[in-house]
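Below, each chain spelled out in residue letters.
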Amino acid sequence: PIPATPHQFIVSKKGNGSAILTRALRACVDQGRIPASVLERTIVPFYLRTVPDVEQAVEHANQALLRKQPAGTGAAPPRLELVNVRSDLTRTGNEAEGPVGTSNLFWSIIAGSVRAAGLLPHQEQHVKQEVDRIFAQDFGASGIVEGHFISATVKRVQ
C-alpha cells in the first residue's frame, strides 16, 4: 500500500501528521530562537505524486487536448496514453552515517526555502539542530528514511 504522503522526508511515521520541517520550526519558535514569521512564510516546493495523481494528470491533459482540437477538422484529436506508472519503495540514508547523514541531505534540500522566508544566519544553527534531533528521534540509529519514487511512461498517440 502506498501511504498518503509518499515520502517520510515530509511526514515521518512518528510525526503525528506534522511535517518534519514544521515540527522543527515550531519548536524553535516555541523556544524563542526564531520569529514566528519564518514558520509562517516558509514554503518548500515538494511535488510528491502518487499513482492516482499521475493517472488523473494524464486524464486532465487529454481533456485539454480535446478542447484544443479545432472544430470541423474531422481528424481525431491527439491524446496521451499512460503506458506504465509505478510507485517503488526507496530507502534513503546509510547506517554508517545514521540520522546525521540523512538529516544533512534533508537540510541541503530545504535550507534555501527557510532562508528565503527570513531565517537569519545566526538562527540557522538552531533550526538545523532541531532537524537533527527529529531525525534521530524518528529514524533511530540507522537514519534510514522510506519513501516512494514514481516512474511513468506516457506517449502521445494520434
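Residues numbered from 1 in each chain as written. Predicted model: local features only at pLDDT ≥ 70, side-chain atom pairs only at ≥ 80, totals over all residues. Heavy atoms only, no water.

(A) A look at the side chain of E130. Along the chain, the position of E130 falls in helix α5 (residues 121–139). Of the residues examined, E130 reaches a relative accessible area of 8% and is grouped as buried. Dropping the residues within four chain positions of it, E130 is found in contact with A24, A27, C28 and Q31. (Helix = DSSP H or I, 4+ residues; strand = E, 2+ residues; numbered from the N terminus. Buried < 20%, exposed > 50% of the residue type's maximum accessible area, 1.4 Å probe, protein only. Contact = heavy atoms within 4.5 Å.)

(B) Geometry of the packing of aromatic side chains. Across all of its chains, the model carries two aromatic pairs by this definition. Seen in terms of ring centroids, F106 and F135 are 5.2 Å apart; in terms of plane orientation they differ by 50 degrees. Their pairing is tilted. Here F135 lies in helix α5 and F106 lies in helix α4 (residues 98–116), a separation of 29 residues in the sequence. Here F135 falls in the buried class, since its relative accessible area comes to 0%. A connected cluster of aromatic rings, assembled from ring pairs, spans F106, F135 and F139. (Phe/Tyr/Trp six-rings, centres within 6.5 Å; stacked < 30°, edge-to-face > 60°.)

(C) View of the environment of S18. Along the chain, S18 turns up in the segment before α1 (20–30). Contact partners of S18, with chain neighbours within four places excluded, come to I10, V11 and R23.

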